[in-house]
Amino acid sequence: MLPDAVRSLLCPVCRNGLMPGGDHRLACPGGHSFDAARQGYFNFLVGKGTVFEADTAAMVAARFDFLSRGHYQPLADGIAELAAPALQGPEAAVLDAGTGTGHYLQRLLAAFPASAIGLDISKFALRRAARLNPGAINLVSDVWQPLPVRDDAVDVVTVVFAPRNAVEFARVLRPGGRLIVVTPRTGHLAEVAGQTGMLGIEPAKEERLAASLDAHFESHSVRELDLELRLEPADVGNLALMGPAGHHLDRSALDAIVAGLAPVTTVSARFRISVFEPRKQPSA
């Protein structure tokens, strides 16, 4: 059986609604159909696909191993807590944009019986996400393209270290819904970032986030979360490889750096969890 979230989907080709065409197929009235991959996700990249570089299998494996050890569990708990007020209805729904391996969505769904859509451009990530969240619809799709989701279809959009398409997020959110965005703060992973080649935190990141969303969203609240992590060398290696720098890191050089680390390294993780609400549209 396909998840309930199917009713919220649009065909990525013609924008008609999608319906189950069997246990492992989605189809639209325009004659377009999509078969589930063996691992359970659907590939909605059509036409030219995406110009963005998807996370590799090695990057996804590093993220899965790191998150599975619970290092960022308080972050997942915080996201679920902030999503709670918008997920109290009988047909609550959530879109996890940039779902990655699905860990944050898994925590949210453990707390709320919502229908769910997990979206990412990496098929390697979606293979993991589909196993973690078999009750969600997991889609390979580009967040910068029109989302394959109906208007006013979801109560919460979560974006954890992923791109933000304000126009589309505002379109798919119901009135009273919430957009929850997680970004790193200055000093995030500073103890190991330089030596392992991780990318630095951009200056004025918070101001640019607000500016990029301002036309469609207003700020509801901001929560800062600081974690002191005690990481083994393998954790530090996974931390470096699982982020954007993983596309460019020299793996052998990273392995040599990790081999020289102490048995335990204390690392500060600094997050900002920003909650936004759709701006009320003026009456006609």
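Nothing here was measured: the structure is a model prediction, and the numbers come from that model.

Participant: How should I be thinking about the environment of Ala116 in this particular structure?
Facilitator: Checked against the element boundaries, Ala116 lands in strand E6 (residues 115-120). Through-space distance from the C-alpha of Ala116 to that of Glu91 is 11 Å; in sequence the pair is 25 residues apart. Non-local contacts of Ala116, meaning those with residues more than four positions away in its chain, are made with Ala5, Val94, Leu105, Leu109, Ala136 and Ile137.

Participant: Even after reading the chapter, I still don't get the layout of surface pockets, so can you show me in this structure?
Facilitator: Any empty space left between the atoms is revealed when a probe the size of a water molecule rolls over them. Of the pockets and cavities examined, the largest pocket occupies roughly 1,400 Å³. Lining the largest pocket are 49 residues, and of these Val160, Phe161, Ala162, Gly243 and Pro244 sit closest to its centre. A breakdown of the residues in the lining of the largest pocket according to their chemical character gives 27 nonpolar, 13 polar and nine charged. In terms of lining residues, the second largest pocket is bounded by 14 residues, among which Pro175, Gly176, Pro278, Arg279 and Lys280 are the most central. Counting only elements with at least two residues in the lining of the second largest pocket, the list comes to strand E9 (173-184) and strand E11 (265-278). Sort the elements by how many residues they give to the lining of the second largest pocket and E9 lands first, with five residues. Along the lines of polarity and charge, the residues of the lining of the second largest pocket split into four nonpolar, four polar and six charged.

Participant: Which parts of the structure should I look at to understand the packing of aromatic side chains?
Facilitator: For any two aromatic rings, the description comes down to two numbers: the centre-to-centre distance and the angle of the planes. In this structure the tally under the stated criterion is four aromatic pairs. An angle of 80° between the planes, with centres 5.1 Å apart, marks the rings of Phe66 and Tyr72 as edge-to-face. The residues Phe66 and Tyr72 share a single accessibility class, namely buried. The interplanar angle of 85° and the centroid separation of 4.9 Å between the aromatic rings of Tyr72 and Phe271 together place this pair among those described as edge-to-face. Within this pair, whereas Tyr72 is found in the loop between helix H1 (57-68) and helix H2 (73-83), its partner Phe271 is found in strand E11, the two being separated by 199 residues in sequence. Judged on exposure class, the residue Tyr72 and its partner Phe271 are both buried. Taken together, the ring pairs connect Phe66, Tyr72, Phe161 and Phe271 into an aromatic cluster. Above the ring of Phe64, the side-chain terminus of Arg128 is found at 4.6 Å from the ring centroid.

Participant: For this particular structure, what's the right way to read the pattern of salt bridges?
Facilitator: Between side chains of opposite charge, pairing is possible as soon as their charged atoms come close. Evaluated as defined, the whole model comprises 15 salt bridges. Residue Glu81 pairs with Arg223 through a salt bridge whose shortest N-O separation is 3.3 Å. On the criterion of sequence distance, the pair formed by Glu81 in helix H2 and Arg223 in strand E10 (residues 217-231) is long-range, its members being 142 residues apart. Through salt bridges that share partners, Arg185, Glu224, Asp226 and Arg272 make up one connected network.

Participant: How should the sheet that holds strand E3 (residues 33-35) be read in this particular structure?
Facilitator: By definition, the strands of a sheet pair up through backbone hydrogen bonds, in either a parallel or an antiparallel sense. Ordered by their spatial adjacency, three strands build an open sheet running E1-E2-E3, and the pairing between neighbours is antiparallel. Edge positions in the sheet fall to strand E1 (19-20) and E3, since each has one partner strand and no second. Examined bridge by bridge, E1 and strand E2 (residues 25-27) share two bridges and lie antiparallel to one another. The residue bridging Pro20 from the neighbouring strand is Leu26, located in E2.

Participant: Looking at this structure, I do not really get a nonpolar patch on the surface. What am I missing?
Facilitator: Side chains of Val51, Phe52 and Trp144 sit close together on the surface and give an oily, nonpolar patch of about 350 Å² of accessible area. Along the polypeptide, Trp144 turns up in the loop between strand E7 (137-140) and strand E8 (154-160). On the basis of relative accessible area, Trp144 is assigned to the partly exposed category, the value being 40%.

Participant: When you look at the sheet that holds strand E5 (residues 93-97) in this model, what are you seeing that I'm missing?
Facilitator: The mixed open sheet is built from eight strands, whose spatial order is E4-E7-E6-E5-E8-E9-E11-E10. Single-partner strands in this sheet number two, and they are strand E4 (42-43) and E10. One ladder, built from three bridges, connects E5 with E8; its direction is parallel. Along E8, the bridge assignment pairs Leu95 with Val157. Seen against the sheet, helix H4 (residues 123-132) touches E6 and E7 and runs at an angle of roughly 175° to E7.

Participant: Could you clarify how one ought to interpret the pairing of E11 in this entry?
Facilitator: Along any regular strand, the residues point their side chains to alternate faces of the sheet. Counting buried positions over the 14 residues of E11 gives eleven, a clear majority of the element. Where E9 and E11 come together, six bridges link them in antiparallel fashion. Its bridge partner being in E11, Leu179 is matched across the sheet by Phe276. As defined by bridge partners, E10 adjoins E11 across 14 bridges and the pair is classed as antiparallel. Bridging from a neighbouring strand, Val222 pairs with Ser274 of E11.

Here is what the cut-offs are and how they apply
- Residues numbered from 1 in each chain as written.
- Predicted model: local features only at pLDDT ≥ 70, side-chain atom pairs only at ≥ 80, totals over all residues.
- Heavy atoms only, no water.
- Helix = DSSP H or I, 4+ residues; strand = E, 2+ residues; numbered from the N terminus.
- Contact = heavy atoms within 4.5 Å.
- 1 Å grid on protein atoms, 1.4 Å probe; cavity = no way out; pocket = protein on both sides within 12 Å on 5 of 7 lines; lining within 4 Å.
- Points joined across faces, edges and corners; volume = space filled by probe spheres on them.
- Nonpolar A, V, L, I, M, F, W, Y, C, P; charged D, E, K, R; others polar.
- Phe/Tyr/Trp six-rings, centres within 6.5 Å; stacked < 30°, edge-to-face > 60°.
- Buried < 20%, exposed > 50% of the residue type's maximum accessible area, 1.4 Å probe, protein only.
- Lys NZ or Arg CZ within 6 Å of the ring centre and 35° of its normal.
- Salt bridge = Lys/Arg side-chain N within 4 Å of Asp/Glu carboxyl O.
- Pairing = 2+ DSSP bridges.
- Patch = residues over 30% accessible without salt bridge, like charges linked within 9 Å, V, L, I, M, F, W, Y side chains within 5 Å.
- Areas by Shrake-Rupley, 256 points an atom, 1.4 Å probe, with all protein chains shown as cover.
- Axes fitted to C-alpha atoms, helices over the stretch in contact; angles between N-to-C directions.

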